[in-house]
Amino acid sequence: ELGAGLGLVGIVAHCLGAKQTVLTDGDTNTLKKMRENVKHNFDNGDDDTKNTISCRQLLWGNENSQSLKDAYGTFDTILASDVIYTPTSIDPLFDTVVTFLKKPHGRFLLSWFTRVNGVTIDTVLDAAKCRNLDWTETKEGIYIFVLGQDK
C-alpha cells in the first residue's frame, strides 16, 4: 500500500488473504503510528504474520524505491487510498507505481477523492497515460490501472 497512513487499507488486505503486505508511508511520525497499529492488530506471536506484513518508509519517486524493490520485488496488486493532495504528488506516485508493479499483469487500485487544490481526475489520468497505464473506473472514484500492451 502506498501512502498507507495508519494502515487500515493494508491491514484489511492482509486480513482478506494478501500473501505479502507491505505498508508504506513517507512521513516518519505516521510510520511510527502505522507500526503500532500493525503490532496491535497482529501481535499474537504468529511468526507467519510477522513475515507477511511489514511497514516501510517510502518517498515516492525517490532513490530509496530501488532498495525497497530489491528487498520485496514487485507486486501483483498495489493499493492507494486518498493519497493525492497536490499536483506535485501525481508524477512521483505513478513513477513509484510503475517501479513496483509486477509485469505484465499487475494492478494498481486507486481510490481518489476530489479536493479543492487544483488536482483534477484528468490530471491524474494524464499522468497514468504518460506511463502507459490503462484504466477502468469501477465505481465513482475507484480506478484500476494496468500496464498497457506496449510494456
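This text follows the structure it describes.
Residues numbered from 1 in each chain as written. Predicted model: local features only at pLDDT ≥ 70, side-chain atom pairs only at ≥ 80, totals over all residues. Heavy atoms only, no water.

Caption draft 1: Layout of the overall build of the protein. A tally of helices and strands in the protein yields six helices and six strands. The order of α-helices and β-strands along the protein, N terminus first, is α-β-α-α-β-α-β-α-β-α-β-β. Taken over C-alpha atoms, the radius of gyration comes to 15 Å for the protein, in line with the 15 Å a tight globule of 151 residues would show. Viewed in the frame of its principal axes, the protein has a C-alpha envelope of about 45 × 35 × 30 Å. Looking at the protein as a whole, 38% of its 151 residues qualify as buried. Partitioning the contacts of the protein with sequence separation of at least 6, the portion at a separation of at least 24 is 64%. Accessible surface, the protein: about 8,700 Å² in total, of which carbon and sulfur atoms supply 51%. For the protein, the distance from the average position of its 16 positive side-chain charges to the average position of its 20 negative side-chain charges is 4 Å. (Helix = DSSP H or I, 4+ residues; strand = E, 2+ residues; numbered from the N terminus. Rg over C-alpha atoms; globule rule 2.2 N^0.38 Å. Buried < 20%, exposed > 50% of the residue type's maximum accessible area, 1.4 Å probe, protein only. Contact = heavy atoms within 4.5 Å. Areas by Shrake-Rupley, 256 points an atom, 1.4 Å probe, with all protein chains shown as cover. Lys, Arg positive; Asp, Glu negative; His and termini not counted. Charge placed at Lys NZ, Arg CZ, Asp CG, Glu CD.)

Caption draft 2: Examining the packing of aromatic side chains more closely. For the coordinates displayed, the defined rule picks out six aromatic pairs. Every member of this aromatic cluster is reached through a ring pair, and the members are Phe94, Phe108, Trp135, Tyr143 and Phe145. (Phe/Tyr/Trp six-rings, centres within 6.5 Å; stacked < 30°, edge-to-face > 60°.)

Caption draft 3: Highlighting the pairing of strand E1 (residues 21-25). Of all the five residues making up E1, five are buried; the element is thus mostly covered by neighbouring parts of the structure. Every second residue of E1 is oriented toward a common face, with Thr21, Leu23 and Asp25 on one face and Val22 and Thr24 on the other, all of them buried. Two elements, E1 and strand E2 (residues 53-57), share five bridges in a ladder whose sense is parallel. Across the sheet, Leu23 pairs through a bridge with Cys55, a residue of E2. (Pairing = 2+ DSSP bridges.)

Caption draft 4: The arrangement of the side chain of Ser89 in detail. Mapped onto the fold, Ser89 is located in the loop between strand E3 (77-81) and helix H5 (90-100). Side-chain polar atoms of Ser89 contact the backbone oxygen of Thr86, separated by 2.7 Å. (Polar contact = N/O pair within 3.5 Å; in protein donor to acceptor, adjacent residues only side chain to side chain.)

Caption draft 5: Focus on the packing of H5 against helix H6 (residues 121-130). Put simply, H5 and H6 touch, their axes get as near as 10 Å, and they point 40° apart. Looking at the two axes, H5 sits oblique to H6. Note that H5 runs across H6; the crossing there is right-handed. Contact residues: Ile90, Asp91 and Phe94 in H5; Thr123, Val124, Ala127 and Ala128 in H6. (Axes fitted to C-alpha atoms, helices over the stretch in contact; angles between N-to-C directions. Parallel < 35°, antiparallel > 145°, perpendicular 65-115°, else oblique. Left-handed = near helix turned anticlockwise from the far one by under 90°.)

Caption draft 6: Representation of the environment of Pro92 within the structure. Relative to the helices and strands, Pro92 is located in helix H5. On the basis of relative accessible area, Pro92 is assigned to the partly exposed category, the value being 23%. Excluding residues that lie within four positions of it along the chain, Pro92 makes contacts with Trp60 and Gly61.

Caption draft 7: Molecular detail of the sheet that holds E3. Strand order across the open sheet formed by four strands is E3-E4-E6-E5, with mixed pairing between neighbours. Looking at which strands have only one partner, the edges of the open sheet turn out to be E3 and strand E5 (133-139). This sheet shows a mean twist of 20° between the axes of neighbouring strands, independent of strand direction. Where E5 and strand E6 (residues 142-147) come together, six bridges link them in antiparallel fashion.

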